[in-house]
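# Structural overview for review
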Amino acid sequence: MDRSGGRRIVIVGAGPAGHRLADALAARAGEEARILLIGEEEHPPYDRVALSRRLSGPVDLALRPAAAWDHRLTVLRGRRVVAVDAESRTVRLDDAAEESYDELVLATGSRATIPDIPGAEQARVYRTIDDVDHLREEIGRLRAALGRPPRVVVAGGGLLGLEAAGGAAMLGADATIVHSGRWLMSSQLDEGGGQALGRLIASRGIALRLGVRPVAIHEAAAARRVLLTDGSELEAELVVFAIGITPRDELARAIGAAPGPRGGVAIGDDCRTSVEHIWAIGEVASHRDRSYGLVAPANAMAEVVADRLLGGTAELGEIDEATRLKLAGIEVASFGDATARTSGALEVVFADPARGLYQKVVTTGDARTLLGGIFIGDAAPYAALRPLLGRELDHEPSAYLSAAGAPAVDTRLPDDALLCSCNNVTVGTVRDAIGGGDGADPCHELGPLKTCTRAGTQCGSCVPLLSKLLGQELAAAGLEVSRAICEHIPLSRRELFESVRVLGLRSFDEIIGRLGSGTGCDLCKPAVASVLASQHQEYILDGGRAALQDTNDRALANMQRDGSYSVVPRIPGGEVTPQKLAVIAEVAADFGLYTKITGAQRIDLFGASLDQLPDIWRRLVEAGFESGHAYGKALRNVKSCVGSTWCRFGVQDSVAMAIRIELRYRGLRSPHKLKIGVSGCARECAEARGKDVGVIATESGWNMYVGGNGGFQPAHAQLLASDLDDETLLRYIDRYLMYYIRTADRLQRTARWMEDLPGGVDHVREVVVDDSLGLAEELEAGMARHVGTYEDEWAATLADPERLRRFRSFINDPDAPDVGLPRVEEREQHRPAREDELSDGRVLLGSRIAVREGA
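Residues numbered from 1 in each chain as written. Predicted model: local features only at pLDDT ≥ 70, side-chain atom pairs only at ≥ 80, totals over all residues. Heavy atoms only, no water.

Here we come to the pairing of strand 31 (residues 603-608). The side chains of a regular strand alternate between the sheet's two faces. For strand 31, a buried count of six out of six residues is recorded, marking the element as mostly surrounded by other parts of the structure. As judged from the three bridges shared by strand 29 (residues 565-567) and strand 31, these two strands associate in the antiparallel manner. Note that in strand 31 the partner of Tyr565 across the bridge is Ala608. Sheet topology note: the strand 30 (residues 594-597)/strand 31 ladder contains four bridges and is antiparallel. Residue pairing across strands places Lys596 opposite Asp604, the latter belonging to strand 31. The antiparallel hairpin formed by strand 30 and strand 31 contains five residues in its connecting segment, where Gln601 sits at a positive phi of about 65°. (Buried < 20%, exposed > 50% of the residue type's maximum accessible area, 1.4 Å probe, protein only. Helix = DSSP H or I, 4+ residues; strand = E, 2+ residues; numbered from the N terminus. Pairing = 2+ DSSP bridges.)

With that out of the way, let us pick up the packing of helix 15 (residues 578-591) against helix 16 (residues 613-622). Two numbers describe how helix 15 lies on helix 16: the axes approach to 10 Å, and their chain directions differ by 160°. The angle between the axes of helix 15 and helix 16 places the two elements in the roughly antiparallel class. Helix 15 and helix 16 meet at a crossing whose hand is right-handed. On helix 16, the residues touching Val583, Ile584, Glu586, Val587, Asp590 and Phe591 of helix 15 are Asp615, Ile616, Arg619 and Leu620. Split by residue class, the contact of helix 15 with helix 16 holds six nonpolar, no polar and four charged. (Axes fitted to C-alpha atoms, helices over the stretch in contact; angles between N-to-C directions. Parallel < 35°, antiparallel > 145°, perpendicular 65-115°, else oblique. Left-handed = near helix turned anticlockwise from the far one by under 90°. Contact = heavy atoms within 4.5 Å. Nonpolar A, V, L, I, M, F, W, Y, C, P; charged D, E, K, R; others polar.)

This brings us to helix 10 (residues 463-476). Counted at 1.5 Å a residue, the expected span for helix 10 with its 14 residues is 20 Å, and the 20 Å between its end C-alpha atoms agrees. Restricting attention to buried positions, one finds in helix 10 the residues Val463, Leu465, Leu466, Leu469, Leu470, Gly471, Glu473 and Leu474. Among the residues trailing helix 10, Gly478 stands out with phi positive, at a value near 75°. (Expected span 1.5 Å × (residues − 1).)

The interhelical angle for the contact between helix 18 (residues 654-665) and helix 19 (residues 726-743), taken along N-to-C directions, is 35°, at an axis separation of 12 Å. In terms of crossing hand, the pair formed by helix 18 and helix 19 is right-handed. Residues Met657, Arg660, Ile661, Arg664 and Tyr665 of helix 18 lie in contact with helix 19, whose contacting residues are Asp726, Glu727, Leu729, Leu730, Ile733, Asp734 and Leu737. The class makeup of the residues in the contact of helix 18 with helix 19 is seven nonpolar, no polar and five charged.

A word on the pattern of salt bridges. Going through the model one piece at a time under the given rule, you end up with 52 salt bridges. With its nearest N and O atoms 3.1 Å apart, the salt bridge here joins Glu235 to Arg151. Of this pair, Glu235 sits in strand 15 (residues 233-236) while Arg151 sits in strand 10 (residues 151-155); the two residues are 84 residues apart in sequence, bridging distant segments of the chain. Owing to a relative accessible area of 46%, Glu235 belongs among the partly exposed residues under this scheme. (Salt bridge = Lys/Arg side-chain N within 4 Å of Asp/Glu carboxyl O.)

What follows is the structure in structure tokens.
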């Protein structure tokens with residue numbers, strides 16, 4: 001360590017808390033300090049919140065410094081501090097080296113708690129990058145050795161336990177959660193929320209054993225036996241403990257620092273310990289008799305210490321204990337007084353077990369002041385509500401329950417509301433940055449705004465609210481709101497599409513080199529993939545494009561809740577022969593798949609493992625089926641009635657037209673999914689006006705409707721043109737779809753796209769029918785290229801051994817067996833829970849809102 005000039009500050013622990021303190025000091029200390037950051041792990045400081053991302057492979061989780069880490073800051077990795085001498089102000093490392101300090105900060109964090117039970121040494125934990133890497137490798141090895149999914153028991157039903165079990169299931173294991181509480185996440189959720197979460201977890205094929213805990217692990221001949229408190233046993237090849245954390249306070253205890261009542265080292269509001277010149281932050285610190293395993297408190301402590309070391313007077317205030325989990329599509333969030341402990345608290349609840357939804361807003365007894373909330377299955381209101389904690393609401397509480405179908409409320413947040421709890425960023429700070437307060441350059445784009453405020457740079461849950469606030473402030477100032485895809489590509493999707501078309505770019509590297517910067521992200525990569533697919537009609541997983549795709553597109557199948565995949569063969573217009581139906585039935589029976597006729601007139605086959613997909617599709621392709629593109633942002637299907645062929649009311653052959661339309665636009669990649677409907681008469685049995693393109697027969701031809709959508713924001717399609725002949729109809733659909741593909745924003749449905757267009761449907765009519773922009777020939781040519789170059793993706797995959805390699809269970813082992821997920825001969829159908837099935841009888845279920853008052 002450079003000892004020349006400045007105070008010597010040693011930080012023991014290179015986790016998120018230590019990294020944050022080092023970063024803050026590097027940004028503000030100038031030449032006043034020399035900083036040494038010492039970490040035990042060989043990895044650079046990384047984001048523990050994102051550990052589950054590592055389950056899919058060696059993803060880089062390193063935390064990026066916001067400040068320049070220069071000669072003033074030294075990082076030692078793979079080194080451990082074994083002793084502290086508070087008298088001489090030195091620390092001794094595991095290689096006997098000594099470092100002196102003027103100020104010492106303990107950020108030693110915590111270790112995974114392992115219970116003192118027989119056989120506990122046989123278990124693994126879920127805490128570090130190495131833990132996750134070992135879990136991934138061991139499950140893969142066990143699958144190969146056993147020829148079946150290995151059984152994994154995860155002890156712990158909190159955040160880490162759910163991540164561990166979900167990760168094990170995603171890797172192909174048969175996972176069971178053992179939790180001592182009566183419901184999952186019992187420290188953060190009430191019983192209603194815990195039960196809702198339990199149903200969602202169980203629906204993903206993860207077994208639950210609640211109200212019990214392990215008391216012993218015995219080694220058996222074939223597998224370990226986990227003995228539970230109720231006397232029952234579970235067999236498992238792998239046991240993982242995720243039951244909590246234990247502060248690593250051994251250094252503090254050795255120097256006589258006052259401990260916290262539940263472990264850790266006691267600190268005051270200034271984060272000082274009882275030993276002079278020694279501070280503590282993060283999970284090792286016990287503040288007001290409590291330790292916190294969350295990012296926001298650790299960051300707050302780091303900021304306080306940084307301020308104090310530089311002569312400030314900052315203190316810890318109220319600790320934000322909001323938590324949020326997103327696991328395999330399950331959204332969970334809680335904040336504030338989520339369990340209504342406040343006297344007289346009012347709880348407004350919406351619960352719909354059939355949909356896996358539970359939302360609760362907790363207020364004071366007069367329903368005015370927000371005290372907390374819980375959101376399971378749909379956490380959309382969380383980001384907007386959390387900054388309002390402790391404030392009066394502008395609307396009645398039920399107006400914030402999005403799952404209940406309440407219209408979205410738009411509340412102007414006060415400047416002192418906390419927008420980003422991870423980094424303690426207020427709404428006012430963000431507004432100042434947007435407006436260029438204190439003489440700084442204004443931040444009018446999301447990327448620079450995140451950089452200059454640090455909002456949204458950690459867990460990311462506040463990014464939607466940050467983006468919304470940016471748009472509101474720019475609109476209020478009369479400035480154009482940026483539609484940049486992300487900080488890496490400063491173009492809207494429309495601008496990106498045109499730039500790629502004009503410049504003839506064909507790869508992500510070319511696009512980022514000419515039009516953007518950096519390495520890309522989860523926003524721009526799929527957008528680029530969609531644009532390339534729309535323009536070049538090439539196999540979407542070739543040429544380095546596989547890494548750009550979403551999970552579903554990479555697998556050419558839809559991932560389901562339990563980590564398995566669904567198979568959806570295309571059935572144009574819903575017309576299918578008995579022979580083809582027999583093939584579907586045989587495939588479903590042979591592979592043990594659940595079958596479902598969907599509302600879109602297609603047959604879905606559920607429960608396939610990734611390595612089974614080629615074998616399933618080989619049989620379907622040989623029978624004449626093609627991919628139905630249920631996984632892609634593309635044409636899904638064309639729904640039709642039976643039309644004039646069979647129906648006594650039909651005036652046109654809707655089936656023939658539906659088949660013609662579906663075969664024309666199959667595989668067409670677009671900003672969002674597309675659905676089309678064709679009705680044979682005005683009785684509208686195909687519900688064409690609820691589709692992106694609706695075609696309804698008349699005595700004289702076809703009426704064409706556009707911009708209809710279902711989903712959360714349903715919209716009726718609007719009439720574009722009447723009494724069209726077949727060829728004119730197809731020509732107008734060509735123009736409409738290509739104009740949408742060229743000009744819509746990322747993930748924008750046709751209804752919202754038309755709403756944003758100046759003039760709406762009238763403008764679309766001018767472009768499509770009247771050719772007001774002179775684009776008709778160009779749009780038709782673009783569609784003709786798609787039609788002429790279409791190739792079924794699964795047929796192309798099966799014809800190429802290299803493409804098939806993506807679907808092997810273990811890509812580096814060509815001899816590894818194909819291992820399927822566990823199957824059941826019959827699947828129990830879900831049903832809503834009855835009110836009498838809830839033990840406390842308080843939560844009203846069944847798609848209704850309940851209001852209950854506290855004592």
